[in-house]
There are 2 protein chains.
Amino acid sequence: MESKKEDLTLLGVKDAIAALEKGVCSSETFIESCLAKINSNDGKLNGFIHVEAEQAARDALQSDNRRKNGTLLSPLDGVPLAVKDNIDILGQPTTNGLGMHWIPSEDAAVVKLLRNKGMIFLGKTNMHEAALGATTDNPHHGKCFNPLLEGHTPGGSSGGSGAVVSGYLCPAALGTDTMGSVRVPAAYCGIVGFKPTKNFWSTEGVTPLSVTLDTIGPLARSVSDIALLSGLALKNVDVKNCNVASLENFDYADMEDEIKSGYEGTKRLLLDAGVSIGQVRLSDYDPSSARRAGLLVSEVEAGVLLEDFRLTSEEAFSPELQAMLDFGRRAPASRYFNAIQKVQALKRELCNIFQKQKFLITPTTPQTPFHFSQETPINQADFTALANFCGCPAISLPLKRSEEEKPVGLQIMTAPGFDIDLLSLALGIEKLIANN
Amino acid sequence: MESKKEDLTLLGVKDAIAALEKGVCSSETFIESCLAKINSNDGKLNGFIHVEAEQAARDALQSDNRRKNGTLLSPLDGVPLAVKDNIDILGQPTTNGLGMHWIPSEDAAVVKLLRNKGMIFLGKTNMHEAALGATTDNPHHGKCFNPLLEGHTPGGSSGGSGAVVSGYLCPAALGTDTMGSVRVPAAYCGIVGFKPTKNFWSTEGVTPLSVTLDTIGPLARSVSDIALLSGLALKNVDVKNCNVASLENFDYADMEDEIKSGYEGTKRLLLDAGVSIGQVRLSDYDPSSARRAGLLVSEVEAGVLLEDFRLTSEEAFSPELQAMLDFGRRAPASRYFNAIQKVQALKRELCNIFQKQKFLITPTTPQTPFHFSQETPINQADFTALANFCGCPAISLPLKRSEEEKPVGLQIMTAPGFDIDLLSLALGIEKLIANN
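Here the structure is a predicted model, which is why all the values come from computation and not from measurement. (Residues numbered from 1 in each chain as written. Chains lettered and ligands numbered in written order. Predicted model: local features only at pLDDT ≥ 70, side-chain atom pairs only at ≥ 80, totals over all residues. Heavy atoms only, no water.)

Caption draft 1: Representation of the sheet that holds strand 1 (residues 48-51) of chain A within the structure. All names here are of chain A. Read from one edge to the other, the open sheet built from eleven strands follows the order 1-3-2-6-8-7-12-13-11-9-10, with strand pairing classed as mixed. At either end of the open sheet lies a strand with only one pairing partner, and these are strand 1 and strand 10 (277-280). Averaged over neighbouring strand pairs, the angle between their axes works out to 25° when direction is ignored. Bridge analysis of strand 7 (residues 192-195) against strand 8 (residues 215-220) gives two bridges, and the strand direction is antiparallel. Counterpart to Gly-193 in the pairing with strand 8 is Leu-219. Strands in contact with helix 7 (residues 223-230) are strand 2 (80-84), strand 6 (172-177), strand 7, strand 8 and strand 12 (394-398); relative to strand 8, the strand with the most contacts, it is inclined by about 135°. (Pairing = 2+ DSSP bridges. Helix = DSSP H or I, 4+ residues; strand = E, 2+ residues; numbered from the N terminus. Axes fitted to C-alpha atoms, helices over the stretch in contact; angles between N-to-C directions. Contact = heavy atoms within 4.5 Å.)

Here you go:
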């Protein structure tokens, strides 16, 4: 085993860029380290459905050549990325977490964009079947495990992306987030997960779950890494001057004590740093009924969007998934319309709030990751879905924890389009948490 | 009978403003003339469901007082307006074209806005039952008739608004337009009808048909009058410099000869004036199937939105309307979702076209108004619904016609938000038509 000092896989995106620039390593050796780590550790995590080792090694060599020739495509050139298995990569099988696969003849738009920056695609990560669920207990590709807690879920649906980044198999990964599918695994795996403003990245080449709610988002181990992946230049902000409020509606939600105390501790930390924290309340918002509305929207839309797959490959769908899609297909239009109306009303009200109150904070999830032997809680996405309803950017930051403590996430949200401001504040809060 | 010179009802909005300013008449005498004309002529047209004579006369007196005191609220102060009966006016019964009514305790937002400008509300106009149809053959309030053609439909659903403006009972009226309900009656009645950009006026206080497609719009006898009602200051444009194209998709649609020749004549008129007319084509657009998608969206949404009324007052709904709403209520969510997807795809494609091609022209309707004894054509809204799908502004201008010719409308559309540019071009084309 390599010494800690030499373990390149410990580098985040920003560190990797610096190491490549300084010649501490080549992209080739960096990619090799990641592949070796995947070889040795992914058997336990099951974070990858597919690893594209040889192509990645070849791409790394090309990046190293560009570096030698002074023709680098971007600072991200030569940095590896893992991609959730509902996002197409040219030539690599896509499963969408189903028991079937196809080989895309084109990169998804977001992959094309990052490939044009020189990023290297290590493979496709495990996910909840069809992205419709949050445990990543996949019936076709096996359970994905949380690197921080043996036998526990990494969350989902982008569970594999959370696990491989948290487990240091890859410095960053892409996920998709329909009701919280990037932020829940980020919170459970103790990393950073970012759902940008709706349509920040085109979803072309992504197998849809809900066209109304789907958003692509990155997972990484720091806010700086998230900003680099997103191509956003952050502002230097003083957290004291940020207009922050806690969303009161969740105060009465069913929440684990560890989440409550972690959240309260973070608020005290912010207050101690001189941040004033207001309180706001959505007037007509019950998180559970809103989540059910979002779930119905997903079931109806996925029922239509996945119908062709199901007709040709019914065996590739688990009975549980089929039941959810059948429920969506059987739902009357009036129920779907009412659910969409509920989503739009929440969007309007939250956008109104953002005009007065720039940033909202909440816990990311009502619970910490649970053991696969426990029953799946139904309210995992209760705190995250609101940002999908609103189309606004939201980030989950990991709170500081001792070895014995379970991971807890802090969610920050702001108005659609203010992604840079959100990440800039998150960077400030990340520093506060680290220095605490 | 008054001599033509003294007939104040012949004045449009702009003329009325000038007459009031110059003291040619008071608001009181102007309103009296309109009420007298309504008394003598509306029995034949059946354009009004409710006339609020006494309140209008009192409001006119108050306007005259404001004029004396130099406290006019706006240039529109003292000018009368008729309002479609799905738009609430404080204290006047709303029927939404149903066999029931309620007395609103508040003005609709658009009424409040125009009342604050001093406009005077003469009453509520006849409409197609629940706005779900285009003949204004209303089972509860009777047929509304076209002032230009005996026994013919004025179109709909804002048929009463079209009839009372075309019949000189009122200089202008408000309608609502879900798939063409302002522009179809404007075209049939030989007047101007404008559907602004979606949400130009808030629909608060308007009984909804389809929240996805509904838009409030004014009907008047000139583009200048439309601009005054809309509060938009027009630009001086040279039509020669306008980037106009004809929408090719309708060339193959089933169209009456009079529509075809009227439209071709208008294109020649524009070409003769030095306007170059391009051709554009929506790649995946069949007007009939798109109209069916729009109709399903309306039936589903109206099915939900009118359900409370129907549960308490089933007898207020005709069997035909009940059948349409039942169809909407029984529709599966997947059909509704697919219809919404079709609408949004058309919106995206049309918005793309507008980036290169600023203005599109089409006939407003495939047919001229028909006799009530004839079967109702199913394709009345085939050329107008596209603007509702896109949320873009669209206007119908009457072509010049001899006494024997039936009315034909020219539709002009442009990108969402460019309402001023649309009306400015329409003013230029209106002049060209008048001077021909």
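Caption draft 2: Here's a closer look at the pattern of salt bridges. All names here are of chain B. Counted according to the given criterion, the structure contains 34 salt bridges over all chains. With its nearest N and O atoms 2.9 Å apart, the salt bridge here joins Asp-85 to Lys-124. Of this pair, Asp-85 sits in the loop between strand 2 (80-84) and helix 4 (109-115) while Lys-124 sits in strand 3 (residues 120-125); the two residues are 39 residues apart in sequence, bridging distant segments of the chain. Of the two residues, Asp-85 and Lys-124, neither departs from the other in class, the shared state being buried. (Salt bridge = Lys/Arg side-chain N within 4 Å of Asp/Glu carboxyl O. Buried < 20%, exposed > 50% of the residue type's maximum accessible area, 1.4 Å probe, protein only.)

Caption draft 3: Highlighting the packing of helix 9 (residues 287-305) of chain A against helix 12 (residues 333-356) of chain A. Residues and elements named next belong to chain A. In contact at an axis separation of 9 Å, helix 9 and helix 12 are set at 125° when each is read in the N-to-C sense. One finds that helix 9 runs oblique with respect to helix 12. Where helix 9 crosses over helix 12, the handedness of that crossing is left-handed. Facing Ser-289, Ala-290, Ala-293, Leu-296, Val-297, Val-300 and Glu-301 of helix 9, the residues of helix 12 in contact are Arg-335, Tyr-336, Ala-339, Ile-340, Lys-342 and Leu-346. (Parallel < 35°, antiparallel > 145°, perpendicular 65-115°, else oblique. Left-handed = near helix turned anticlockwise from the far one by under 90°.)

Caption draft 4: Examining the packing of helix 12 of chain A against helix 12 (residues 333-356) of chain B more closely. Where helix 12 of chain A meets helix 12 of chain B, the axes come as close as 7 Å, and the angle between the chain directions of the two elements is 50°. Taken as axis vectors, helix 12 of chain A and helix 12 of chain B run oblique relative to one another. Crossing of helix 12 of chain A against helix 12 of chain B: the hand is right-handed. Here helix 12 of chain A contributes Ala-333, Tyr-336 and Phe-337 of chain A to the contact with helix 12 of chain B, which in turn contributes Ala-333, Tyr-336 and Phe-337 of chain B. Per-class residue counts for the contact of helix 12 of chain A with helix 12 of chain B are six nonpolar, no polar and no charged. (Nonpolar A, V, L, I, M, F, W, Y, C, P; charged D, E, K, R; others polar.)

Caption draft 5: Spatial organisation of the layout of surface pockets. Of the pockets and cavities examined, the largest pocket occupies roughly 1700 Å³. As for the largest pocket, its lining consists of 45 residues, and the residues nearest its centre are Gln-344 and Lys-347 of chain A together with Thr-212, Gln-344 and Lys-347 of chain B. Going through the elements one at a time, helix 12 and helix 13 (385-390) of chain A together with helix 12 and helix 13 (385-390) of chain B are the ones with two or more residues in the lining of the largest pocket. For the lining of the largest pocket, the element with the highest residue contribution is helix 12 of chain B, accounting for nine residues. Here the residues of the lining of the largest pocket are counted per class, giving 19 nonpolar, 15 polar and eleven charged. Approximately 910 Å³ is the volume found for the second largest pocket. In this structure, the second largest pocket is lined by 31 residues; those nearest its centre are Leu-148, Ser-166, Tyr-168, Cys-189 and Arg-401 of chain A. (1 Å grid on protein atoms, 1.4 Å probe; cavity = no way out; pocket = protein on both sides within 12 Å on 5 of 7 lines; lining within 4 Å. Points joined across faces, edges and corners; volume = space filled by probe spheres on them.)

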